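Inside the fold
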Amino acid sequence: MPHVLVLNASYEPLGVVSMRRALILVLNHKAISLEDSEITLHSATSAVSAPSVVRLTRFVRVPYRGPVPLTRRALFARDHGRCVYCGAAATSVDHVIPRSRGGQHRWDNVVAACRRCNHTKADRHLADLGWRMKHPPAAPAGLAWRVIGTGIKDPRWRPYLEPYGGLEQFRDFEHRDHTDHGGALPAPLTRPHPAHRGERPEPLSA
């Protein structure tokens with residue numbers, strides 16, 4: 001069953017709940033529906049449009065929330081569902097500094113990768129292959145990531161998440177089909193740059 005975005009009374013995103021839970025909040029006047037879904041729920045005497053976005057009628061104080069949890073879904077959303085090394089559809093998780101060489105499982109050392117690049121890189125450093133990433137990995141920031149990181153999305157949520165960061169990832173990742181490119185490796189996003197003037201850059205090996 002579809003999920004519903006829950007906003008605080010101040011419109012800050014709080015999280016995602018089941019449609020049944022959201023409907024109970026609305027019927028008990030603890031929340032109001034801001035966006036309806038395309039689903040209509042029927043009872044013996046009436047029909048109710050199921051909500052897609054609800055806002056609490058009373059402000060709820062939320063305890064301090066630490067960093068966004070590092071999950072596969074959140075990682076793929078941060079990296080737009082693409083391999084950071086070549087741009088193909090991501091199918092696996094890679095540690096930039098291999099764990100066998102002391103790399104840690106945290107946001108600034110984990111990236112989405114395709115199977116081919118992950119296999120080629122293995123337990124080597126990027127410098128060993130002459131690879132470079134366009135942007136260094138970092139932990140995502142913004143209240144919207146509490147929703148984006150779940151991997152649950154609805155186009156109706158965008159206007160409510162936009163002010164709180166991560167909209168680009170939400171929009172981009174929502175339309176990725178996560179299919180391989182027929183086994184072909186597309187052109188890399190970035191290629192190593194010459195260290196000194198006059199040197200020719202080497203191609204990114206596959």
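Anything mentioned here points back to the structure above.
Residues numbered from 1 in each chain as written. Predicted model: local features only at pLDDT ≥ 70, side-chain atom pairs only at ≥ 80, totals over all residues. Heavy atoms only, no water.

1. Some remarks on the overall build of the protein
Scanning the protein for helices and strands turns up 7 helices and 6 strands. In the protein, the succession of helices and strands from N to C terminus is β-β-α-β-β-α-β-β-α-α-α-α-α. Relative to all contacts within the protein whose residues are 6 or more apart in sequence, the contacts with residues 24 or more apart total 60%. Of the roughly 12100 Å² that the protein leaves accessible, carbon and sulfur atoms contribute 52%. (Helix = DSSP H or I, 4+ residues; strand = E, 2+ residues; numbered from the N terminus. Contact = heavy atoms within 4.5 Å. Areas by Shrake-Rupley, 256 points an atom, 1.4 Å probe, with all protein chains shown as cover.)

2. Details of the nonpolar core
Among the nonpolar cores identified, the biggest contains 17 residues, and Leu 5, Val 53, Trp 157 and Leu 161 are the most heavily contacted of them. Of all the elements in the fold, those that place two or more residues in this core are β1 (3-7), α2 (72-78), α5 (145-148) and α6 (158-161). In terms of nonpolar packing, the next biggest core, distinct from the first, is built from 14 residues, Val 84, Cys 117, Leu 126 and Met 133 among them. (Core = buried A, V, L, I, M, F, W, Y, C linked by side-chain atoms within 4.5 Å. Buried < 20%, exposed > 50% of the residue type's maximum accessible area, 1.4 Å probe, protein only.)

3. Digging into the side chain of Lys 121
Along the chain, the position of Lys 121 falls in helix α3 (residues 115-121). Owing to a relative accessible area of 0%, Lys 121 belongs among the buried residues under this scheme. Setting aside its immediate chain neighbours within four residues, Lys 121 contacts Tyr 85, Asp 94, His 95, Val 96, Pro 98, Leu 126, Leu 129 and Trp 131.

4. So, the packing of aromatic side chains
Under the counting rule described, the total for this entry stands at 1 aromatic pair. On the numbers, 5.1 Å between centres and 50° between planes, the contact of Tyr 85 with Trp 131 is tilted. One end of the pair, Tyr 85, is in the loop between α2 and β5 (92-95); the other, Trp 131, is in the loop between α4 (126-129) and α5, with 46 residues separating them in the sequence. Residue classification places Tyr 85 among the buried positions, given a relative accessible area of 2%. Since its relative accessible area comes to 4%, Trp 131 is described here as buried. (Phe/Tyr/Trp six-rings, centres within 6.5 Å; stacked < 30°, edge-to-face > 60°.)

What is shown is where atoms sit, not what they do.
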